[in-house]
2 protein chains.
Amino acid sequence: MTKKWVYTLDEIDQAEAAVDGDWDRVRGLLGGKGANLGEMNRLGVPVPPGFTITTEACNSYLELGGKFPPELWEQALAALRTMEEQTGKRFGDPLNPLLVSCRSGAKFSMPGMMDTVLDIGLNDEVTEGMIKLTGNEHFAYDSYRRLIQMFGTVVLGVRDEPFEDALASQREKRGVSSDADLTGDDFRVIVDKFKEIVRRNARTEFPSNAEDQLQMATRAVFDSWNGKRARDYREAAGIAHDLGTGVNVITMVYGNLGDDSATGVAMSRNATTGENVLEGDYLTNAQGEDVVAGTRPTKPMEQLKTEMPQIYSEFESIARRLEKHYRDMQDMEFTVERGKLWILQTRTGKRTAQAAVRIAVDLADEGLISREEAVLRVAPAQIEFFLHPQFSAAAKAGHPVIARGLNVSPGAATGVVAFDPDLAERWVKEDGRDVLLVRPETKPDDVHGMLVARGILTSSGGRTSHAALVARQFGKPAVVGAHELKIDLGTRSMTVDSLVVHEGEWLSIDGTTGEVFVGKLDTVVPDMDDEWLARLMEWADEFRRLGIRANADYPEDAERARKYGAEGIGLCRTEHMFFQPERLPTVQRMITTRSPAERREAVNALLPFQRADFAGLFRAMDGLPVIIRLIDPPLHEFLPGFEELSRELTDLQIRITGARTLEEIEGITAKLSETQSMLDKVNSLRESNPMLGLRGVRLGILIPELTRMQVRAVFEAACEVTREGGKAIPEIMIPLTSHVNELRRQRQVLEAEAREVMDEQGIEVSYQFGTMIEVPRAALTADQIAEYAEFLSFGTNDLTQTTFAMSRDDAESGFLMRYLKEGILPANPFATLDEAGVGKLMRLAVTEARKTRPDIETGVCGEHGGDPASIEICDRLGLDYVSCSPYRVPVARLSAAQSALRARSQG
Amino acid sequence: MTKKWVYTLDEIDQAEAAVDGDWDRVRGLLGGKGANLGEMNRLGVPVPPGFTITTEACNSYLELGGKFPPELWEQALAALRTMEEQTGKRFGDPLNPLLVSCRSGAKFSMPGMMDTVLDIGLNDEVTEGMIKLTGNEHFAYDSYRRLIQMFGTVVLGVRDEPFEDALASQREKRGVSSDADLTGDDFRVIVDKFKEIVRRNARTEFPSNAEDQLQMATRAVFDSWNGKRARDYREAAGIAHDLGTGVNVITMVYGNLGDDSATGVAMSRNATTGENVLEGDYLTNAQGEDVVAGTRPTKPMEQLKTEMPQIYSEFESIARRLEKHYRDMQDMEFTVERGKLWILQTRTGKRTAQAAVRIAVDLADEGLISREEAVLRVAPAQIEFFLHPQFSAAAKAGHPVIARGLNVSPGAATGVVAFDPDLAERWVKEDGRDVLLVRPETKPDDVHGMLVARGILTSSGGRTSHAALVARQFGKPAVVGAHELKIDLGTRSMTVDSLVVHEGEWLSIDGTTGEVFVGKLDTVVPDMDDEWLARLMEWADEFRRLGIRANADYPEDAERARKYGAEGIGLCRTEHMFFQPERLPTVQRMITTRSPAERREAVNALLPFQRADFAGLFRAMDGLPVIIRLIDPPLHEFLPGFEELSRELTDLQIRITGARTLEEIEGITAKLSETQSMLDKVNSLRESNPMLGLRGVRLGILIPELTRMQVRAVFEAACEVTREGGKAIPEIMIPLTSHVNELRRQRQVLEAEAREVMDEQGIEVSYQFGTMIEVPRAALTADQIAEYAEFLSFGTNDLTQTTFAMSRDDAESGFLMRYLKEGILPANPFATLDEAGVGKLMRLAVTEARKTRPDIETGVCGEHGGDPASIEICDRLGLDYVSCSPYRVPVARLSAAQSALRARSQG
């Protein structure tokens, strides 16, 4: 028996049986489109009759070097006869012609990558027959010229330009601007010209025989599987080259045969809001491409209800049936040909984040899917939509992108440009203006301006620049490193190519995409209180195993984190508190003085600030744990930059040579000596690799009074909150530990201080003592570390840097991008945890630590804590929690739930 | 039965039996000194009679709060009676008095930490009796006053000053300068004064009863175990506090009773050369302290042979016996009392490195020890002696140390000071002078001066500074970071405090100790060809398992390494070749150009240099493997420093404001623009953490033409040497790999290049392809890495930096020193491998790699490869070889042998 190469749409059961009922293999055999058409047909959905030539046939054809395998064409012709029976029309018969389309359809969708020919079956006689049948010369000849054009380009390899030129010259001759204004006669002329083009370019006649047309089109589809475009696409998308494509031969139906004909596209639910109503557009007496092209204004589906009530109701019931079958919202194409509804395609509909949430929840409520599936249906990144303002697509459409930078903190922001933080503050506070702070880069001094701004835009800096970190922390939309912007602080303006934007003019940025727009774009503000979201998150929380904490340095952050569902603070970076303008001078005094007494004084001056900060955190997180990391960054970060000071010094040296009066000279000399002295201090703190230098616990050991002060502040605050009736649960965390002795030493000193405070205050505070694991050695010796640590928090940013020996700042603006582009690294390890390397080290650490202390608490507090793929890795590692910025908490909750559900389904 | 608290020297067998013959426990029971005296006595060596009170007695005494346990004193008195019988003298009997010493003696030697009282048994009557017996009033009263003084200070707690004052005032009164010139009558007066001092200061009479004296002295020794000095010493030396001390009561013998008496100290072999002859000094009619104090010129042992031939011969035979018993060269104290030889002490003798080697080999030849023991007897560091010139002790004694720096490259060097490399070169090449190159710090530009200099001295920089690395590489003695030196290049002089040294004056440095001397010190040059050393190293090579390779970048280094026993090159740092003055401009052009063509041209210009270098290496290592590491350091290292350029720019900017003529302005402007352009390039290459930046394989991937050129050079050189009849075995090594894909990519590109060269040349070269493991991620994923690497070489310097997240440059001049001082880290991990952390990672890497490729070759090429403790760790890790600088090769060979022998003895 020869192989069955061809299945009519009615033979879907047979196809299914041939592959043991495995639907994935049905799609493999027939291609996605063919399988889907068969499936709809089986469901009783009105699909135009047709058949599918299998992917196996394609593969045989290619193996045979471009020859049909035996019986293939005979089976195809037999299927064509069946179509003729079903439609009552005959292929190539001028009296009642059957016209068909011939399309590719592979297992996985490869949009636009392979070829299609429509209106197969037309020739001079059949076209005349069509005119008789429809009375529509324009339609018939337009279809005919389309066939010749498509066939010429797709099958015969003629370039498209001569066809388009011929059309254009005919329009010009007739003095019209649109093909629709050409007459049937015009198209007759064009058909002749097109035949001539084919003859001249392909050195062959356009075939007038219908079966020849179909056979040649089928070969062209097969051949297109190995076209360069398709191969490149498969390489990029990771699709195997040996799958082959199916060929779908389907009866043509026409929505442009009069007012009882129509064509349209509709979603089974509203794709923007998720509401359960049909949503879409259609046109009467039109072809599908007219709807897409927007050449005529479309009508909303609503109107079909009155215009063709019967059709509408039939369509609605089909939509319900397809949703029920595919268990998701559907995006359908339909055509009404002389009062008869045909469904040409259905697929899962694209939707906004808001709609995705509502549809998932509704489908679960309707019993179509389980709650687990609902939770899995929403991409974690979509949750961000509910947290940040957005530009509508319409708003964006009206404004060109003038520059692009790194999308470091999501959300849309619009405001007038202010080039310095003081001005930004004044405009916001005094004039109530919306401001965008625009700077070459930001520094701790700029924070007050950043806090009042709607958003932040810089022309340099990377994903870990000051601007990026602060913006993410405060949920401010930000775009950084937009190199095309030339900011001139002197003239208070910036230019992009020839465009100039002055201070005070409106500008908009999209921190989700990294785009910069001139002008004021409308923003829409979604809402975390959305009732469907709330229910989805509730379900997610039931499913997840991982705890979710937030990184928060200030009480406001902690409150927001708690509102978003954080179950504790996983990281409070105490040094951020030092950067506030009223504190920074004290911090600088502490660093620069050589007198121990003065240093002690400065440290003590910081105590009340820190205590108040911590008390605020404890109040916000009442009853939940708060991990407080002691001071971490190198001290030079609190001082002015070396180069800035050097420049100042140079300026002064140049000025002094130009000074004329003694007074002037004295003034400059005094300033010189002051600047020189600061420069000396900064210089003495400079390190060749600050990342690997004097920071973290190393600072704590060298300046114990500083960490002692911090611990005192923590415990005084905890006692204060306890006295108020609250419940403070501090967890003291030591950064950058590499050797157990560092931890042992610090624990001794700091627990003594804690004891002292609790004794002074007469209050017992239950607390834990632990460490960051951000240095490979700490991970390797976690068994020893665990003797002194009650919890471990993986600082995966630094751990990734040290494990890869890769400085993020340097790499992300340099070779790392090249590595990603060339596929040397599969993903940016700073965005998604490197499971094979860093993850292996983490697994080792967890295993070793549990040997010493089986119940040791483990978590992640790097930026990976907010990345869905990394959260799944942390879940697999068996960590207790992940901690991320407050704005990522909902994302993390959903990711953790999905991870748990996937793990469950994998057994 | 009560406990036995006291053992006479004759009862050593009993003591041994009491602790089951465990000699370690005998030392624990009797203390080291007591056990040793008993042992000598058992061997028939003439030891003055005496007894030992056990450490258990001491512990009981201390536990009882300062009371003798029952029977202790009775047993002591009984032992005293035995001494009386053996000596025929009686304790406290003026007619024939027994005098004894009372000394502490703990299990482990604690020199000077506890107390001793001599001449116990003297009082007014006994002293008179002594005069009658000896006819020597001076001797008797001098002894008596010594007893009162020692007893007063040690037992009664009187300060020493009043005693010394009294002695001084008597000398003054008599107008003499030495106690030896005082008469018996003078000492009588002094004795009275001393008794008065005791009475006044201790508020008690000096006890005249002999047994009271002994009992009080015994208590004082017991008490001294818990004295502050002793406790501190034990803390520092890690000796347990509960061991207790023994008390040795031994008959006094005197070498100052006439010309038939003598006293001396002698070694059983020459401690400087190791020659097998007695070596020592003695004095006739003198006390032991006279020999030590050097108040009288001593006589060499040689002379005793003629002066007291019988005694000499007896002593010689005892020395042989003791050597045979203790199986090592002995350092002995002896006294001849009226023609009778007594041995007072024997211990293992200290010796020079040269003697250590010869003695170990001779002892093995004599059959006293095995060859294995001989190899274990020599400390690896002692081998260095044979490699570098040294200052003699005498030379050093005559010249004060004017400054100290870091001892970064061992050996002694002396020469005239040259402050710049060109001058150094001229003086050496044209005038044949010995030169010391003295610089604030060195740079690649200075290398020609460093190469011709005898030694290098810098006032700044650390152990990894350019000066240190280059000096070690070339075996040049060097002292760096001698901060006390103020070098003034303007006046061509340097000052230390008020001392000024001008260019051209003689200076000497000791790179072994870090000392700097003014003047020309004599040096002695030892010799690796020493015959005993050769035999020892031959034995070592038989015992070791680890292979030893050398790090060598130039043919001369490779030749030296081979001469010193290297079995291959473990690391050739190809970039060192780039720093040579005639190549550096080409390298800089390659880096700074933006034109690909110009870059290619520069790269190709480097090819012949590299080929010649490699050919030289292959010739030197004919038949042995040569690992060639492709370019590693960040490119900015080849350019001038950012700050240097900035300074230049500032200078130019200042100069231009002062310029007067147009010509001047134009000149400066041109220079400005050139400097600015270089500065821009340098700036564009700057990284916040260069250690973690664009270097190693990352460079190779970004600039493939550079590494391709290097591989071409390697293979062209290998073919060239093969054609000459030599055997080149290149191993191509990729640095800084962190991900297997880097290696896969590089291997593809580089093997293709290798193939091309071999095809061009028509010669097949067998080679290996491998990688450094210096990034934690590479170690963690060694199973993947091993798919593409045929060998792994641990770069333990960088691996330590990244595993600890500790930049060596920054840490060693900062917090690391504090960590070591405070014991937070047990050792400097850059000097000795951190077994618990870095070692664990290495073990994991080796295990994982062998899963993929069981026969993978593994080694270490960091500085740890030359450190004995680290070599032992590498041996335990099962690595195949260690690689170190040529000058460390012999040290490494010995260390590896010792490691193997220790492993063997452990089982």
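Everything that follows concerns the structure shown earlier in this document.
Along each chain, residue indices are assigned from 1 in the same order as the chain's sequence is written. Numbering of ligands from 1 and lettering of chains from A proceed in the order in which they are written. Predicted model: local features are reported for residues with pLDDT of at least 70 only, side-chain atom pairs are reported and counted for 80 or more only, and whole-chain, interface and lining totals are derived from all residues. For the side-chain quantities, the full set of heavy atoms in the structure was used; hydrogens and water were omitted.

Engineer: Explain the overall build of chain A to me, and be specific about the residues and the numbers.
Structural biologist: A helix here means a DSSP run of H or I that spans at least four residues, while a strand means a run of E at least two residues long, and both kinds are numbered starting from the N terminus. What chain A contains, in helices and strands, is 37 helices and 33 strands. A principal-axis box enclosing the C-alpha atoms of chain A has dimensions of 110 × 75 × 55 Å. Here chain A, with 907 residues, has 56% of them falling under the buried criterion. By definition, residues are in contact when any of their heavy atoms lie within 4.5 Å. Look at the contacts in chain A between residues 6 or more apart in sequence, and 68% of them connect residues 24 or more apart. For chain A, the exposed area adds up to about 36,100 Å²; of that, 49% sits on carbon and sulfur atoms. Residues scored as positive are Lys and Arg, those scored as negative are Asp and Glu, and His as well as the terminal groups of each chain are ignored. Throughout, a charge is located at the NZ atom of Lys, the CZ atom of Arg, the CG atom of Asp or the CD atom of Glu. Each charge sign in chain A was given a centre, from 106 positive and 140 negative side chains, and these centres are 2 Å apart. Note on exposure labels: buried denotes an accessible area under 20% of the residue type's maximum, exposed denotes more than 50%, and partly exposed covers the range between, all computed with a 1.4 Å probe on protein chains only. For accessible areas, the Shrake-Rupley method is used with a probe of radius 1.4 Å. Any residue's cover is judged against the shown protein chains and nothing else.

Engineer: Can you tell me about the relation of the copies chain A and chain B, naming the residues and giving the values?
Structural biologist: For these two chains of identical sequence, chain A goes onto chain B by a turn of 180° and a shift of 0.0 Å along the axis, with RMSD 0.4 Å. Both copies are brought into coincidence by an operation consistent with a two-fold rotation axis. Of the C-alpha atoms belonging to chain A, the one lying closest to the rotation axis is found on A:Asn689, 2.1 Å away. A shared interface surface links the copies, since 100% of the contact residues of chain A are contact residues in chain B too. We superpose the copies by least squares over the C-alpha atoms of residues that have a pLDDT of at least 70 in both of them.

Engineer: Got a sec to walk through the pairing of strand β12 (residues 340–348) of chain A? Specific residues and values, please.
Structural biologist: All names here are of chain A. We call two strands paired when DSSP finds no fewer than two bridges between them. Sheet analysis places strand β11 (residues 330–337) next to β12, joined by 8 bridges and oriented antiparallel. Across the sheet, Gln330 pairs through a bridge with Thr348, a residue of β12. Hairpin connection between β11 and β12: a loop of 2 residues separates the two successive antiparallel strands, and Arg338 in this loop has a positive phi of roughly 45°.

Engineer: Can you tell me about helix α3 (residues 55–63) of chain B, naming the residues and giving the values?
Structural biologist: Within the sequence span of α3(B), burial applies to B:Thr55, B:Ala57, B:Cys58, B:Asn59, B:Ser60 and B:Tyr61. Looking at the buried residues of α3(B), the elements they touch are α2 (23–42), β2 (50–53), α4 (72–87), α9 (210–224) and β7 (245–251) of chain B.

Engineer: Tell me what's going on with the interface of chain A and chain B, and back it up with residues and numbers.
Structural biologist: Listed per partner, the contact involves 54 residues of chain A and 54 residues of chain B. Once two parts are joined, some of their accessible surface, as seen by a 1.4 Å probe, is lost; buried area is that loss totalled over both. When the two sides are added together, the surface that chain A and chain B hide from each other amounts to roughly 4,800 Å², 56% of it contributed by carbon and sulfur. Only one rule defines a salt bridge in this text: a Lys or Arg side-chain nitrogen within 4 Å of an Asp or Glu carboxyl oxygen. Across the contact surface, chain A and chain B share 7 salt bridges. Here B:Glu848 makes a salt bridge to A:Lys840, at a shortest N to O gap of 2.8 Å. In the analysis that follows, any N or O atom pair within 3.5 Å is treated as a polar contact, provided that within protein one partner can donate a hydrogen and the other can accept it, and provided that, for residues neighboring in sequence, both atoms belong to side chains. In this structure, the connection of chain A to chain B is made through 28 residue pairs in polar contact (both at pLDDT 80 or more).

Engineer: I'd like a rundown of the pairing of strand β33 (residues 881–884) of chain B, residues and numbers included.
Structural biologist: All names here are of chain B. Side-chain alternation along β33 places Tyr881 and Ser883 on one buried face and Val882 and Cys884 on a second face that is also buried. Of the strand pairs in this sheet, strand β26 (residues 547–551) and β33 are connected by 4 bridges, and their pairing is parallel. Its bridge partner lying in β33, Gly547 is registered against Tyr881. Relative to β33, strand β32 (residues 857–860) runs parallel, the two sharing 2 bridges. The partner of Val860 across the bridge, within β33, is Val882. Crossover handedness for the path β32 to helix α36 (residues 868–876) to β33: right-handed. Handedness is read with the strands pointing away from the viewer; a crossover is right-handed when the path from the first strand over the helix to the second is clockwise.

Engineer: Go over the pattern of salt bridges, please, and point to the residues and values.
Structural biologist: All names here are of chain A. Under the criterion given, the structure shown has 154 salt bridges over all chains. Among the ionic pairs, Asp124 bridges to Lys195, the shortest N-O distance being 2.6 Å. Taken as a pair, Asp124 in helix α5 (residues 124–134) and Lys195 in helix α8 (residues 184–202) lie far apart in primary sequence, 71 residues in all. Overall, the relative accessible area of 33% leaves Asp124 in the partly exposed class. Several salt bridges converge on common partners, so that one network encompasses Arg611, Arg708, Arg712, Glu716, Glu753, Glu756 and Glu760.

Engineer: Please give an account of the nonpolar core that cites residues and values.
Structural biologist: Judged by nonpolar contacts, the single largest core of 283 residues is most densely connected at A:Phe614, A:Phe618, B:Phe614 and B:Phe618. Setting aside its immediate chain neighbours within four residues, B:Phe618 contacts B:Val626, B:Ile628, B:Val714, B:Ala717, B:Ala718, B:Val721, B:Lys727, B:Ala728 and B:Pro730. Nonpolar cores are built from buried Ala, Val, Leu, Ile, Met, Phe, Trp, Tyr and Cys residues. Side-chain atoms within 4.5 Å join them into one set.

Engineer: Explain unusual backbone geometry residue by residue, including any values.
Structural biologist: All names here are of chain A. Although it is not a glycine, Asp20 adopts a positive phi angle of roughly 60°. Its location among the elements puts Asp20 in the loop between α1 (12–18) and α2 (23–42). Look at Asp20 and you get exposed, because its relative accessible area is 64%. In this structure, Ala805 is a non-glycine residue whose phi angle is positive, near 55°. By the secondary structure assignment, Ala805 is in the loop between α32 (796–804) and α33 (808–812).

Engineer: Any chance you could break down the packing of helix α7 (residues 161–174) of chain B against helix α8 (residues 184–202) of chain B for me, citing the residues and the numbers?
Structural biologist: Residues and elements named next belong to chain B. To obtain an axis, a line is fitted to C-alpha atoms, over the contacting stretch when the element is a helix, and the angle between two such axes runs from 0 to 180 degrees between their N-to-C directions. Running from N to C, α7 and α8 point in directions that differ by 150°, and their axes come no closer than 10 Å. Comparing the axis directions of α7 and α8 gives the class roughly antiparallel. Remark: the crossing between α7 and α8 carries right-handed chirality. Mapping the contact onto sequence places Pro162, Phe163, Ala166, Leu167, Ser169, Gln170 and Arg174 in α7 and Asp186, Phe187, Val189, Ile190, Lys193, Phe194, Ile197, Val198 and Asn201 in α8. Orientation labels follow simple angle bins: below 35 degrees gives roughly parallel, above 145 gives roughly antiparallel, 65 to 115 gives roughly perpendicular, and whatever is left gives oblique. Handedness of each helix crossing follows the sense of rotation of the near helix against the far helix: counterclockwise by less than a right angle gives left-handed, clockwise gives right-handed.

Engineer: So what about the sheet that holds strand β29 (residues 729–734) of chain A? Which residues, and what values?
Structural biologist: Residues and elements named next belong to chain A. The 8 strands are arranged β26-β27-β28-β29-β30-β31-β32-β33 in a closed barrel whose pairing can be described as parallel. Neighbouring strand axes in the sheet, compared pairwise and without regard to direction, differ in orientation by 30° on average. Pairing of β29 with strand β30 (residues 768–773), which is carried by 4 bridges, proceeds in the parallel orientation. Paired with Glu731 across the bridge in β30 is Gln768. Of the strands in this sheet, β26 (547–551) and β33 (881–884) touch helix α37 (residues 889–905), which is tilted by about 160° from β26.

Limitation: the analysis is restricted to geometry and does not speak to function.
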